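Spelled out, the chains give:
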Amino acid sequence: MDDTTLDRFDPAEPFVQAIVAGLEAALGQTGAPLGAEAIRSQLDLEGGPDGDVAFPAHRAAATAKSRPDEFADRLARAFSTGPLVRSAAAKGAYVNFRLDPAALTSGTLSAVLERGPDYGHHPTGGPLASVEHTSANPTGPFHIGRVRNAIIGDTLARVLRAAGTPATTQYYVDDMGRQATMITWIWSKPPAEWPEPVRTAVAGGSDGAPTEDKPDARFGRPYPAVSAYLKENAAAREEVAELIRQIELGTPPARHRELAQEILGGMLESLARLHIRFDEFVWESDFLRDGSVERVLERMHHAPHAVREENGAWAIDAAGYGLPQESGKIVFQRADGTSLYVLRDVAFHLAKFARFGRVVDVLGQDHRLHARTLDALLHEYGEARTPTYLIYQDITVPEGGRMSTRGGSAVWLDQLLAEAVARARQEVLARREDLPESEVDRIAEAVGAGAIRFHIVRVAPEKPVVFRWEDALSFEGRSGPFVQYSYARASSVLRKSDVEAGPFPFDAARLADVEELALVRILARFPRTVRDAARTMHVQALAGYAHELADQFNRFYHAVPVLRSGDERASRIALVAAVRQTLGNALDLLGIPRLETM
RNA sequence: GGGCGCGUAGCCUAGCUUGGAUAGGGCAUCGGGUUCCUAACCCGGGGGUCGAGGGUUCAAAUCCCUCCGCGCCCGCCA
């Protein structure tokens, strides 16, 4: 294979180009000229039942005023085959192309083995993107509803980077709202002075979080009771309101930020077990401190549809924005002069647009209206850009309803992790008696995390999810552990070969088994899968890909001997090495640990 | 009431943005497979009005309309 037919970034590309070029010529001859881009968009790259790539000829036939089946036949005859595309055959209204198997195998294995950990990754360029995700209030432990945001957001950032868009992840820490302030309010009093209902609620029983000593669990403990208590008690409410005013004036109560920081630390510890980390933490109060809220407020007073209410509050008359607010107005500044969340969010997003060429916010569906409101305010401000929103639906409990911190219906991330790791540990112990304790623990931790991440990311974000333990803890079939297991299997084969570290010489002609060719086709598709997933933000496609590759690898593994084979041995080892590499790269994009053994 | 989202076998789900050939998977179920590179695996069977109806089209799970069911939101909360 020479340089013109090898594309290390996307080994399928030369084949697609050959088909497009051939079709362009053939279409010109048959009276239905069509541009390369149009041809490419009509190609079915997955192929059909009778080929590797298919071209439905209906539309071109209409242009040529011919019967589709006759036209497809003429097209196929006019198509010049070559070293990459071996045949073009009409079937009905379709032209089916067969790629040269040795050429595809050769190009694909070369690309995977040469690029190694970068296979599937595209050239990096373009402006920096921001991916803001999770941003849960620092008021207590994560429940798994919130974790959906984190897993989707983290995966998206990884996929964007692989597709060539440099990305920074941002966690917006809301230290200014009522929620965080309630925590400060209660912990500013010694527990002996807590209101009776809060004291009894906290003393009354566990909230289900298994790690009571973690700061998020400990300091977040009174939160639900405080929240309930404030609803009944106007005087306490006023105390909290006073604290909020102090925070807004830049003189927050002692320990306010430290408490938030400590709780956040506990929360992040849990996310780290899922291999989720953030590049930046943006504290909401910073936009107050640095004067940007003030500046935004100033300018918003002169916005095209700014109105001042009788009591002094400021709002945007949103009639033209088609928002469902009953008042028809978006209030952005209270009568007492303090700012509202959405206004501070404007300040945050202006800061984002100043630094990033692309801004993505991962939000729960309950924030949809907030997103539209933010867009409207940005427009009023004079900012032409708006964020791209990746919106996911809530995770509900089988009894119905959202996961609630109150009412005990929440499933905590720490709890889920503990269960998943415990089950994984049992599974390891059941089949591996040879491993030292520490190794068992390490594998169990990785499998538990892998199961959780895969379970969440495999479903399209816009789909509602009902949490069921038996589903979340599944280690079989379409699951994280299945993919991890397949990777471990491939690793094991290589470990037992004499060429574990490579290089992996191969003869493509010797990889002619149907299972081998099927495997190569899937390997060749990886770069395109990554690119498409980034473009559409369909992170679930990566989970689907990883499963499909693992699945086909297992079929191959059963059907074709590797280490015990004869002349094919070296080539098959190279194929296994390529599978292991690609599977590993896919696992990296999913944030799921690779395991050499399990 | 209004706005937005979702509806694919008993259960879960891909495909829908850009319409194309017999709608892919997984769980469960039934029947097989381990002197052989990790059985967290593999092979095979059964199971589908793609919520309902209408429309557009040579062609609809995919686009448009209506309806039904479920969810979320409609705060001087965040």
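A short tour of the structure in this document, coming up.

Cut-offs used in this document
Residues numbered from 1 in each chain as written. Chains lettered and ligands numbered in written order. Predicted model: local features only at pLDDT ≥ 70, side-chain atom pairs only at ≥ 80, totals over all residues. Heavy atoms only, no water. Helix = DSSP H or I, 4+ residues; strand = E, 2+ residues; numbered from the N terminus. Contact = heavy atoms within 4.5 Å. Salt bridge = Lys/Arg side-chain N within 4 Å of Asp/Glu carboxyl O. Buried < 20%, exposed > 50% of the residue type's maximum accessible area, 1.4 Å probe, protein only. Axes fitted to C-alpha atoms, helices over the stretch in contact; angles between N-to-C directions. Parallel < 35°, antiparallel > 145°, perpendicular 65-115°, else oblique. Nonpolar A, V, L, I, M, F, W, Y, C, P; charged D, E, K, R; others polar. Near = heavy atom within 4 Å. Polar contact = N/O pair within 3.5 Å; in protein donor to acceptor, adjacent residues only side chain to side chain.

### Details of the environment of Leu523
Next up, step 1: Tracing the sequence through the fold places Leu523 in helix α21 (residues 514-536).
Next up, step 2: Leu523 has contacts with Thr108, Leu109, Tyr119, Tyr545, Leu549, Leu575, Ala578, Val579 and Thr582, leaving out every residue within four places of it along the chain.

### A few points about the pattern of salt bridges
Next up, step 1: If you walk through the whole model with that rule in mind, you get 44 salt bridges.
Next up, step 2: Put simply, Arg569 and Asp498 hold a salt bridge, and the shortest N to O gap is 3.3 Å. In this pair, Arg569 is assigned in helix α23 (residues 569-590) and Asp498 in the loop between α20 (480-496) and α21, connecting sequence segments 71 residues apart.
Next up, step 3: The class for Arg569 is partly exposed, based on a relative accessible area of 22%.
Next up, step 4: Exposure remark for Asp498: the relative accessible area of 62% places this residue in the exposed category.
Next up, step 5: The network of salt bridges with common partners includes Glu46, Arg525, Arg528 and Glu548.

### Description of the packing of helix α18 (residues 437-457) against α20
The description of two packed helices rests on the angle between their axes and on the distance between the axes.
Next up, step 1: As a packed pair, α18 and α20 sit with axes 7 Å apart at the nearest point and diverge in direction by 130°. What the angle tells us is that α18 and α20 run oblique. Counting all contacts with α18, which are made through Ala446, Val447, Gly450, Ala451 and Phe454, the residues of α20 involved are Gly480, Pro481, Val483 and Gln484.
Next up, step 2: By residue class, the composition of the contact of α18 with α20 is six nonpolar, three polar and no charged.

### Brief notes about the protein's contact with RNA strand B
Next up, step 1: The local shell around RNA strand B holds 72 residues, among which Tyr94, Asp174, Arg431, Tyr485 and Arg535 are the closest.
Next up, step 2: A share of 64% is what sugar and phosphate atoms reach among the atoms of RNA strand B within 4 Å of the protein.
Next up, step 3: In this structure, a sugar or linking oxygen belonging to RNA strand B sits 2.8 Å away from a side-chain N or O atom of Gln393.
Next up, step 4: Between RNA strand B and the protein, one listed contact pairs a base nitrogen with a backbone N or O atom of Tyr557 at 2.4 Å.
Next up, step 5: Broken down by secondary-structure element, the contributors of at least two residues to the surface near RNA strand B are α3 (58-63), β3 (94-99), α15 (341-355), α16 (368-381), α17 (413-431), α20, α21 and α22 (540-559).
Next up, step 6: Looking at the surface near RNA strand B residue by residue, the classes come out as 27 nonpolar, 20 polar and 25 charged.

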